[in-house]
Amino acid sequence: IAAVLVYSSVGSTVVINGVNGKYSYSLHDYDNGNDYDSSYLFNNILGNNLSNVIKLVAIRSQLETSGAYDADKEVDVTAYNNRGSFLPGDYITASYKVSDLIKWAQSGFNYEQKYFSTEETHSFLNNTTTYTHLMVNSLNGGMNSYLNSQISNNKITSQVTTNVESDGASTKTIMINDYLTVDGKKIEELVSNWSEYDELCNNVVDAANELLSSYEEYQTLLSYYSYQNSNIRYYITRNIDGSTEVFTNVDELSNGTVGYDIPGMFKEYGKYVIYTPSTLDYTTNSMLSEDVFRGIKYNYGYAFPDNSKFFIAVDTSYPIEDDFTEGKAGFSQYMPYSKYLYFIAVVCFLIYAAIMIYIIRFEGHIIQKKGSGGFEVIVNSVDKDEQNKKVFYMQGLDKIYLEAFIIGCFGFMISPDIIYRILYHRLWTDILESSYYPLVFAILFFIWDMGFINLIYGLVRRFKAKILFKNIYIGEFRKNFKNYSSYFTGDSKIFVRTWIIYLSSIMINVVFVKYGGMLGAVLVIILDMFVGVHIYRTKLSVREIIHVLEDIEGGNTDSKVDTSKLTGDNVILAEAVNSLGEGIEKAVNTSIKDEKLKTDLITNVSHDIKTPLTSIINYVNLIKHEPIDNPKIKEYIDIIDSKSQRLKQLTDDLLETSKIQSGTMRVDLERLDYVEFISQIIGEYCEEFDKTGLKPLFKCDVDSAIIMADNRLLWRVMESLMDNVTKYAMPNTRVYMELIVTEEESGRRRAVFSIKNISATELNFDADEITERFMRGDLSRNSEGNGLGLAIAKGLTLSQGGRFDIILDGDLFKAVIDFEIVE
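What you see is a predicted model, and the numbers here were worked out from it, not measured in a lab.

**Q** Tell me about the overall build of the protein chain, and please be specific about residues and values.
**A** Along its length, the protein chain carries 23 helices and 26 strands. Every one of the 823 residues in the protein chain was classed for burial, and the buried ones make up 38%. Considering only contacts within the protein chain whose residues lie at least 6 apart along the sequence, 69% involve residues at least 24 apart. Put simply, the protein chain shows about 47,200 Å² of open surface, and 56% of that area lies on carbon and sulfur atoms.

**Q** Kindly report on the nonpolar core, identifying the contributing residues and their values.
**A** Counting residues in each nonpolar core, the largest one holds 77 residues, and the members touching the most others are Leu101, Met175, Tyr197, Tyr225, Phe293, Phe304 and Phe324. By residue number, the principal contributor to this core is helix H7 (residues 194-224), which donates 14 residues. Every residue in contact with Met175, bar those within four places of it in the chain, is listed here: Trp104, Phe109, Asn110, Tyr111, Ile187, Tyr197, Cys201, Val204 and Val205. Ile707, Ile755, Phe804 and Ala815 belong to the second largest nonpolar core, which has 39 residues in total.

**Q** Outline helix H22 (residues 711-728), listing residues and values.
**A** In this model H22 runs 26 Å from its N-terminal to its C-terminal C-alpha over 18 residues, within 8% of the 26 Å that 1.5 Å per residue would give. Sitting at the head of H22, Asp710 places a side-chain oxygen 3.0 Å from the backbone nitrogen of Arg712.

**Q** Describe the sheet that holds strand S9 (residues 128-134), and please don't skip the residues or the numbers.
**A** Ordered in space as S6-S9-S10, the 3 strands form an open sheet in which the pairing is antiparallel. What marks the edges here is a single partner per strand, and that holds for strand S6 (90-91) and strand S10 (155-161). Across 2 bridges, the pairing between S6 and S9 is antiparallel. Pairing of Tyr91 across the sheet is with Thr132, part of S9.

**Q** Talk me through empty space enclosed by the protein; I want residue IDs and the actual numbers.
**A** According to the stated counting rule, one finds 2 cavities of 30 Å³ or more in the structure shown. Quantified by volume, the largest cavity comes out at close to 70 Å³. Taken together, Ile16, Gly18, Val19, Tyr23, Tyr25, Ile45, Asn48, Asn49, Asn52, Tyr225 and Asp323 make up the lining of the largest cavity. For the lining of the largest cavity, the elements supplying multiple residues, two or more each, are strand S1 (13-18), strand S2 (21-26) and helix H2 (40-63). Of all the elements, H2 adds the most residues to the lining of the largest cavity, at 4 residues. Looking at the lining of the largest cavity, its residues break down into 6 nonpolar, 4 polar and 1 charged.

**Q** Could you give me a rundown of the pattern of salt bridges, with the residues and numbers involved?
**A** For the structure on display, the rule yields 14 salt bridges. As a salt-bridge pair, Lys103 and Asp100 come within 3.9 Å of each other at their nearest N and O atoms. Here Lys103 pairs with Asp100, and both are found in helix H4 (residues 98-107), just 3 residues apart, close to one helical turn. According to the relative accessible area criterion, Asp100 is buried, its value standing at 14%. A network of salt bridges, in which partner residues are shared, links Glu744, Arg750, Arg803 and Asp818.

**Q** Provide a residue-level description of the sheet that holds strand S12 (residues 232-240), including the pertinent values.
**A** Read across the open sheet, the 5 strands follow the order S13-S12-S16-S14-S15; overall the sheet is antiparallel. Two strands lie at the open edges of the sheet, namely strand S13 (243-248) and strand S15 (281-284), each paired on one side alone. Averaged over all neighbouring strand pairs, the angle between strand axes comes to 10°, with direction disregarded. Where strand S14 (residues 270-276) lies against S15, 4 bridges are found, and the strand directions are antiparallel. Bridge pairing in S15 places Val273 opposite Thr284. Across the sheet, H2 lies against S12, S13, S14 and strand S16 (309-315), angled at about 40° from S12, the strand it touches most. Contacts between helix H9 (residues 262-269) and the sheet are confined to S12, S14, S15 and S16, with S14 contributing the most and set at about 145° to the helix.

**Q** Describe the side chain of Asn43, listing the residues and the values that go with them.
**A** In this fold, Asn43 is placed in helix H2. Residue Asn43 is classed as buried on the basis of its relative accessible area, which comes to 6%. Other than its neighbours up to four places away in sequence, Asn43 contacts Asp37, Ser38, Ser286, Met287 and Leu288.

**Q** How would you sum up the layout of surface pockets? Please name residues and give values.
**A** For the second largest pocket, the calculated volume is near 990 Å³. Along the walls of the second largest pocket sit 41 residues, with Glu74, Ser149, Gln150, Ile151 and Lys155 positioned nearest its centre. At the level of secondary structure, the elements contributing two or more residues to the lining of the second largest pocket comprise H2, strand S3 (64-65), strand S5 (74-76), S9, helix H6 (145-149), S10, S12 and S13. Per-element accounting of the lining of the second largest pocket gives the leading share, 5 residues, to S13. Across the lining of the second largest pocket, the residue classes tally to 11 nonpolar, 19 polar and 11 charged.

**Q** Account for the packing of H4 against H7, naming residues and giving values.
**A** The geometry of H4 relative to H7 is characterised by a closest axis approach of 8 Å and an angle of 95° between their N-to-C directions. In this view, H4 runs roughly perpendicular relative to H7, as classed from their interaxial angle. Counting all contacts with H4, which are made through Leu101, Ile102, Trp104, Ala105 and Gln106, the residues of H7 involved are Val204, Ala208, Asn209, Leu211, Leu212 and Tyr215. Here the residues of the contact of H4 with H7 sort into 9 nonpolar, 2 polar and no charged.

Cut-offs used in this document
Residues numbered from 1 in each chain as written. Predicted model: local features only at pLDDT ≥ 70, side-chain atom pairs only at ≥ 80, totals over all residues. Heavy atoms only, no water. Helix = DSSP H or I, 4+ residues; strand = E, 2+ residues; numbered from the N terminus. Buried < 20%, exposed > 50% of the residue type's maximum accessible area, 1.4 Å probe, protein only. Contact = heavy atoms within 4.5 Å. Areas by Shrake-Rupley, 256 points an atom, 1.4 Å probe, with all protein chains shown as cover. Core = buried A, V, L, I, M, F, W, Y, C linked by side-chain atoms within 4.5 Å. Expected span 1.5 Å × (residues − 1). Polar contact = N/O pair within 3.5 Å; in protein donor to acceptor, adjacent residues only side chain to side chain. Pairing = 2+ DSSP bridges. 1 Å grid on protein atoms, 1.4 Å probe; cavity = no way out; pocket = protein on both sides within 12 Å on 5 of 7 lines; lining within 4 Å. Points joined across faces, edges and corners; volume = space filled by probe spheres on them. Nonpolar A, V, L, I, M, F, W, Y, C, P; charged D, E, K, R; others polar. Salt bridge = Lys/Arg side-chain N within 4 Å of Asp/Glu carboxyl O. Axes fitted to C-alpha atoms, helices over the stretch in contact; angles between N-to-C directions. Parallel < 35°, antiparallel > 145°, perpendicular 65-115°, else oblique.

As structure tokens, then:
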């Protein structure tokens with residue numbers, strides 16, 4: 001199979017040494033049954049040679065006179081550079097000998113920078129410009145300006161006097177005149193200004209370089225397509241100004257064609273192409289169409305007027321060894337047998353497949369029967385059943401991990417390419433041109449086949465023994481992955497898991513890309529993909545931990561991170577987050593439990609105290625109505641009455657605090673006028689203020705402010721504030737009260753009431769502490785307060801939707817209560 005494939009791939013491509021180097025041609029299946037002269041290969045070679053011949057003749061028309069190289073042939077540089085177009089009637093140009101332009105281009109053009117004053121410019125450039133005029137410059141017969149410029153006595157020149165350019169002093173680049181025109185003039189003698197000078201210099205340089213390139217091709221093509229070196233025969237003529245020019249490689253036709261039947265002569269050669277553009281007469285026995293020929297001629301149309309005639313043929317007796325004979329040898333070596341190669345390849349493949357199937361059927365086991373006298377060959381038995389059952393036999397390679405076995409077999413299969421590149425440092429296409437390629441391919445394909453059959457038979461044995469997916473490295477790797485991960489990502493290995501891994505990754509990438517070729521690049525891509533997936537999964541794990549933290553922040557302490565798919569630091573972080581959630585949940589539950597216990601304790605104790613306390617108060621009232629003569633007894637009764645009333649107030653405050661904290665306080669909101677309400681409470685406490693020498697000052701900027709509040713609870717709040725002022729304010733001072741209306745950014749308005757006074761004692765605590773339960777402004781506890789007044793006031797205010805703030809500034813005590821105004 002390898003031999004057939006190699007022979008087919010090599011034989012179906014013919015490499016030919018042409019005039020410009022090696023050409024590769026593909027053979028076509030349509031040529032089965034055709035001879036070489038009628039094949040696509042022959043016509044492709046003919047087309048390339050025909051293009052080269054027409055190019056050669058076009059170059060010859062530039063360099064030759066009467067069929068021979070003419071070193072003194074004149075070249076109009078402007079007409080030459082514009083040979084594919086039409087020049088105006090008058091143009092600026094210079095005419096040089098062909099040899100002078102070629103030698104000038106070979107030696108190179110020399111320039112110099114020179115400073116010119118106005119006077120020096122006048123002396124360097126001519127005071128007239130020389131114009132050339134073509135007397136006959138029509139396109140009749142396909143003649144262009146370049147061909148018309150080659151007609152004798154078709155040019156006239158004239159000098160036009162102009163003002164020499166005088167743009168002031170400047171530095172100019174001038175070209176050294178290594179060669180003079182055919183009239184012995186320099187370039188600067190033909191022009192009168194710098195723009196004309198630069199244009200003419202450029203035309204000279206371009207024409208010289210083009211002619212040098214044409215001259216080099218001329219020598220190569222002329223030798224290659226000589227009568228002695230090529231099977232190509234050509235005879236091409238053109239008529240310019242009544243004179244016929246002949247270009248041919250057939251010597252007997254170069255001196256005249258009298259007595260010769262040119263068309264018949266070229267038809268006798270074998271394959272021919274005859275074309276006369278003026279009569280649109282195109283004759284050929286090849287596959288080349290007229291459109292193809294005209295397309296080739298069009299590329300060199302400047303050299304061929306419509307009166308040209310083309311006779312080109314191939315001597316199919318092939319007397320000369322050239323590209324046509326090379327093509328014939330390649331064609332004859334492959335095409336006659338190509339239809340049999342496919343049949344041979346199919347037969348070989350069927351035989352190969354049959355042998356493989358046969359071996360696969362018995363690979364890895366033999367059948368043993370009792371008393372059958374069978375044989376037994378055990379290399380490495382993996383599993384043995386009873387004597388009458390199948391016994392599987394494995395080879396040493398079957399001990400290798402499945403992944404390593406597959407990679408090794410594939411490595412063996414690609415080793416021929418590696419071996420060839422190391423030993424020969426050449427491309428595969430180069431070996432096809434050598435004579436020993438069948439032997440090389442036989443050896444390399446044998447190595448490839450060894451890797452292939454070992455892969456197939458090894459997989460078959462493992463499959464039959466049911467151990468295909470048991471001995472795999474991935475399974476072992478997965479078992480130890482967490483250990484590997486912990487090693488490379490643990491806290492103690494932070495240097496390893498950062499810089500060592502990073503630098504190792506860079507080194508692997510560089511080595512694989514530089515020395516591994518295409519396979520190394522693929523491995524690098526796979527490695528980098530694994531790294532990218534690992535980074536992506538790590539980021540997903542971090543994002544999941546962040547989501548759980550956000551849930552905990554939002555109050556969902558039951559949210560947990562699944563640590564089963566995490567590795568490294570993320571596992572530690574996730575476990576810490578889970579512990580944090582559990583700790584917060586435990587702390588919250590404990591706090592709630594303690595708070596509930598306190599509330600229940602206060603409520604139960606208050607209820608238990610209230611019943612006997614009521615009895616005490618009632619009996620004290622009864623005793624007070626009885627006649628008592630002893631003044632000491634009356635004093636004691638008054639003390640008991642006072643303390644029991646204080647105890648009753650404390651009990652009521654505890655119950656009220658408990659209701660506020662538990663949320664069971666009944667709140668009946670209604671519309672009320674905040675201004676009127678404050679005025680009323682101030683009026684109620686005027687007598688109390690007078691007793692302590694306090695002077696209340698109330699300021700209000702609005703007549704009315706309607707709020708939503710519970711009249712009973714709000715009165716309790718204000719009463720607590722007023723009591724606080726009368727108890728703790730410094731006597732004989734002013735008490736400032738103010739009610740203002742403010743507007744928030746949202747557009748809502750609020751009624752803000754504030755009351756401030758100077759404390760009789762030092763305020764050595766924070767503002768937040770005074771609203772805590774059992775916190776008193778009088779830390780010495782000499783007064784009658786129980787520390788619940790402001791705490792209850794704050795709780796009642798918040799339960800009505802208001803705000804309650806305490807502000808301390810030295811001994812200045814300020815309380816602020818505000819509610820939203822309703823329309």
